[in-house]
Amino acid sequence: QVQLVESGRGLVQPGGSLRLSCAASGRISRIFAMCWYRQAPGEQRELVATITSGGSTNYVDSVKGRFTISRDNAKNTVILQMNSLKAEDTAVYYCNAAIVRVGEWSSVPYWGQGTQVTVSS
């Protein structure tokens, strides 16, 4: 069994910061890309940031310069550091990872349970 567990939900004021983390556990052989998505009420799920196993990153334009994605391959963890938060960043944030399980050859996408981020004064 493989699972992703997120932490770091919270309520912050505009301009504030929040750090989300997501740890993968279970019978894991390898993890390829790790991502953060978000979904605001009434909106489609949006890809926010991606980091490859080699450390290359990509961001949606609306968070560039404010959010930083990083990973610790030894701990199978991905981090999203969010600075200068805005009201429009309010959403449920989900981590996603392409994981190869022990004894298998191809990766399978796994999702975290989601964590609420609310930016409000």
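Residues numbered from 1 in each chain as written. Predicted model: local features only at pLDDT ≥ 70, side-chain atom pairs only at ≥ 80, totals over all residues. Heavy atoms only, no water.

**Observations concerning the overall build of the chain**
At step 1: Scanning the chain from terminus to terminus reveals zero helices and eleven strands.
At step 2: Taken from the N to the C terminus, the helices and strands of the chain come in the order β-β-β-β-β-β-β-β-β-β-β.
At step 3: Against the globule reference of 14 Å for 121 residues, the chain gives a C-alpha radius of gyration of 14 Å, in line with a compact fold.
At step 4: Taken along the three principal axes of its C-alpha coordinates, the chain extends 50 × 25 × 25 Å.
At step 5: The buried share of the chain, taken over its 121 residues, is 39%.
At step 6: For the chain, contacts bridging at least 24 residues in sequence account for 55% of all contacts bridging at least 6. (Helix = DSSP H or I, 4+ residues; strand = E, 2+ residues; numbered from the N terminus. Rg over C-alpha atoms; globule rule 2.2 N^0.38 Å. Buried < 20%, exposed > 50% of the residue type's maximum accessible area, 1.4 Å probe, protein only. Contact = heavy atoms within 4.5 Å.)

**Topic: the state of the cysteines**
At step 1: Under the criterion given, the structure shown has one disulfide.
At step 2: Between the sulfur atoms of Cys22 and its disulfide mate Cys95 the distance is 2.0 Å. Between Cys22 and Cys95 the disulfide shows an S-S torsion of about 50°. By sign, it is right-handed. A residue pair is termed long-range when its members are at least 10 positions apart, and Cys22 in strand S3 (residues 18-25) and Cys95 in strand S9 (residues 91-101) qualify at 73 residues.
At step 3: Cysteine Cys35 shares no disulfide, and the gap to the nearest cysteine sulfur, in Cys95, comes to 9.6 Å. (Disulfide = S-S within 2.5 Å.)

**A short note on the pairing of strand S1 (residues 3-7)**
At step 1: By the alternation rule, side chains of S1 split into Leu4 and Glu6, which are all buried, and Gln3, Val5 and Ser7, of which none is buried.
At step 2: The pairing of S1 with S3 spans five bridges and is antiparallel. Each bridged residue has a counterpart across the sheet, and for Leu4 the counterpart in S3 is Ala24. (Pairing = 2+ DSSP bridges.)

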